[in-house]
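# Coordinate inspection notes
Here is what each chain is made of, one letter per residue.
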There are 2 protein chains.
Amino acid sequence: MMTLTLQNSIAQNETTYMRIAKITVDSVKLNDYLIALKTQMQSALKYEKGVLAYSAVQDKNNPNKITILETYASVPAYESHIQTDHFNKYKTTVADMVKELELTDVIPISIKTKQK
Amino acid sequence: MMTLTLQNSIAQNETTYMRIAKITVDSVKLNDYLIALKTQMQSALKYEKGVLAYSAVQDKNNPNKITILETYASVPAYESHIQTDHFNKYKTTVADMVKELELTDVIPISIKTKQK
């Protein structure tokens with residue numbers, strides 16, 4: 001019970017939906033994959049109110065291992081996202097590039113960037 | 001070679017040092033761990049120029065599994081960070097709370113938050 005109280009007090013917004021996607025890409029297709037991923041993320045952030053943030057990184061020593069921390073305004077915002085043309089184009093484009101995909105729903109503890 | 005060119009063009013800054021810490025916490029001590037973690041992150045962002053961002057989340061279905069995406073201005077900024085009093089206090093405090101720790105150096109693909 002204490003844990004839940006703490007989580008709620010620190011969440012950015014109680015409706016926010018966050019997820020970590022861990023993706024293993026076919027090394028030969030990595031460059032094409034990165035282009036498709038960035039195109040999708042740019043469109044989603046530009047055209048969808050409910051897509052709030054993406055942090056996409058590659059393992060330094062194993063760059064075909066991708067981790068994406070995704071933040072949506074709510075679960076319905078995410079459900080709307082996966083119906084968009086840009087998301088479906090991404091899924092079709094990368095279908096033969098992705099070797100493994102692991103999705104984990106997460107709850108924010110603290111998301112902070114230094115104020116400039 | 002293409003991949004390296006792409007990575008450099010999209011990095012926030014070529015000296016930026018990013019890492020993912022995956023931490024499994026003793027469930028009984030989770031609340032105390034979260035307090036220690038947040039205290040450390042707040043001090044680091046407040047007092048250290050070279051600590052740029054933390055995104056800390058818990059697995060929704062397994063909240064003792066913590067993932068932290070850490071961004072430092074450079075490797076020397078990180079090396080300075082682990083010498084600070086607030087970091088050493090955190091390490092001492094959580095020593096008997098952390099069951100597993102996995103550190104992975106990562107390279108940014110794209111780190112974007114929607115402009116308000």
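Here's what I pulled together on the structure shown here. Along each chain, residues carry numbers from 1 onward, in the same order as the chain's sequence is written. Each chain gets a letter, beginning with A, and each ligand a number, beginning with 1, in the order they are written. Local features are withheld for residues below a pLDDT of 70 in this predicted model, meaning they are given only at 70 or higher, and side-chain atom pairs are given and counted only at 80 or more; totals for whole chains, interfaces and linings count all residues. To get the side-chain values, all heavy atoms of the structure are used, and hydrogens and water are removed first.

## Describing the packing of aromatic side chains
Residue and element names in this part refer to chain A. Pairs were defined over the aromatic rings of Phe, Tyr and Trp, the Trp ring being its six-membered one, requiring ring centres within 6.5 Å. Orientation was assigned from the angle between planes: stacked under 30 degrees, edge-to-face over 60, tilted for the rest. Overall, the coordinates contain twelve aromatic pairs over all chains when judged by the stated rule. Between Y17 and Y72, the ring centres sit 6.1 Å apart and the planes meet at 25°, which makes this aromatic pair stacked. Taken together, the residues Y17 in strand β1 (residues 17-25) and Y72 in strand β3 (residues 62-72) connect sequence positions 55 residues apart. Classification of Y17 as buried rests on a relative accessible area of 10%. Buried means the residue's accessible area, taken with a 1.4 Å probe over protein chains only, is under 20% of the maximum for its type, while exposed means over 50%, and partly exposed covers the values in between. A relative accessible area of 1% means that Y72 is categorised as buried. Connected via pairs of aromatic rings, a cluster forms that spans Y17, Y54, Y72 and Y78. A run of H or I in DSSP counts as a helix once it spans at least four residues, and a run of E counts as a strand once it spans at least two, with each numbered from the N terminus.

## Overview of the sheet that holds strand β2 (residues 51-59) of chain A
Pairing within the closed barrel is antiparallel, and its eight strands lie in the order β1(A)-β3(A)-β2(A)-β4(B)-β1(B)-β3(B)-β2(B)-β4(A). Pairs of neighbouring strands in the sheet enclose a mean axial angle of 35°, with direction left out of account. The pairing of strand β4 (residues 98-113) of chain A with strand β2 (residues 51-59) of chain B spans seven bridges and is antiparallel. When the sheet's bridge partners are listed, A:T113 is paired in β2(B) with B:A53. Every residue pair with non-hydrogen atoms within 4.5 Å of one another is taken to be in contact. Between the N-to-C directions of two axes lies an angle of 0 to 180 degrees, each axis being a line fitted to C-alpha atoms and, for a helix, fitted only over the stretch in contact. Across the sheet, helix α2 (residues 30-47) of chain A touches β1, β2, β3 and β4 of chain A together with β4 (98-113) of chain B, and the angle it forms with β2(A) is around 165°. At least two bridges found by DSSP between two strands is the condition for calling them paired.

## Quick look at the interface of chain A and chain B
Facing the 43 residues of chain A at the interface are 43 residues of chain B. Together, the buried faces of chain A and chain B total about 3,600 Å²; carbon and sulfur atoms form 62% of this surface. Put simply, a salt bridge is a Lys or Arg side-chain nitrogen that is within 4 Å of an Asp or Glu carboxyl oxygen. Linking chain A to chain B there are zero salt bridges. A 3.5 Å cut-off defines polar contacts: any pair of N or O atoms within that distance qualifies, except that in protein one atom must be a possible hydrogen donor and the other a possible acceptor, and neighbouring residues in sequence count only when both atoms are side-chain atoms. In this assembly, chain A and chain B are joined by 18 residue pairs in polar contact (both at pLDDT 80 or more). Those elements that provide at least two residues to the side of chain A that touches chain B are α1 (2-10), β1, α2, β2, β3 and β4 of chain A. Element by element, the count of residues in the side of chain A that touches chain B is highest for β4(A), at ten residues. Of the residues contributing to the side of chain A that touches chain B, the split by class is 25 nonpolar, nine polar and nine charged. Two parts placed together each lose some accessible area under a 1.4 Å probe, and adding up what both lose gives the buried area. Any residue outside Ala, Val, Leu, Ile, Met, Phe, Trp, Tyr, Cys, Pro, Asp, Glu, Lys and Arg is labelled polar, Gly included; the first ten of those are nonpolar and the last four are charged.

## Notes on the packing of helix α2 (residues 30-47) of chain B against helix α4 (residues 85-94) of chain B
Residues and elements named next belong to chain B. Contact geometry of α2 with α4 gives a least axis separation of 9 Å together with a crossing angle of 170°. Taken as axis vectors, α2 and α4 run roughly antiparallel relative to one another. Judged by residue contacts, Y33, A36, L37, Q40, S43, A44 and Y47 of α2 engage H86, F87, Y90, T93 and V94 from α4. Residues belonging to the contact of α2 with α4 are distributed by class as follows: eight nonpolar, four polar and no charged. Reported orientations rely on four angle classes, namely roughly parallel under 35 degrees, roughly antiparallel over 145, roughly perpendicular from 65 to 115, and oblique for the rest.

By themselves, these observations are geometric and do not establish any function.
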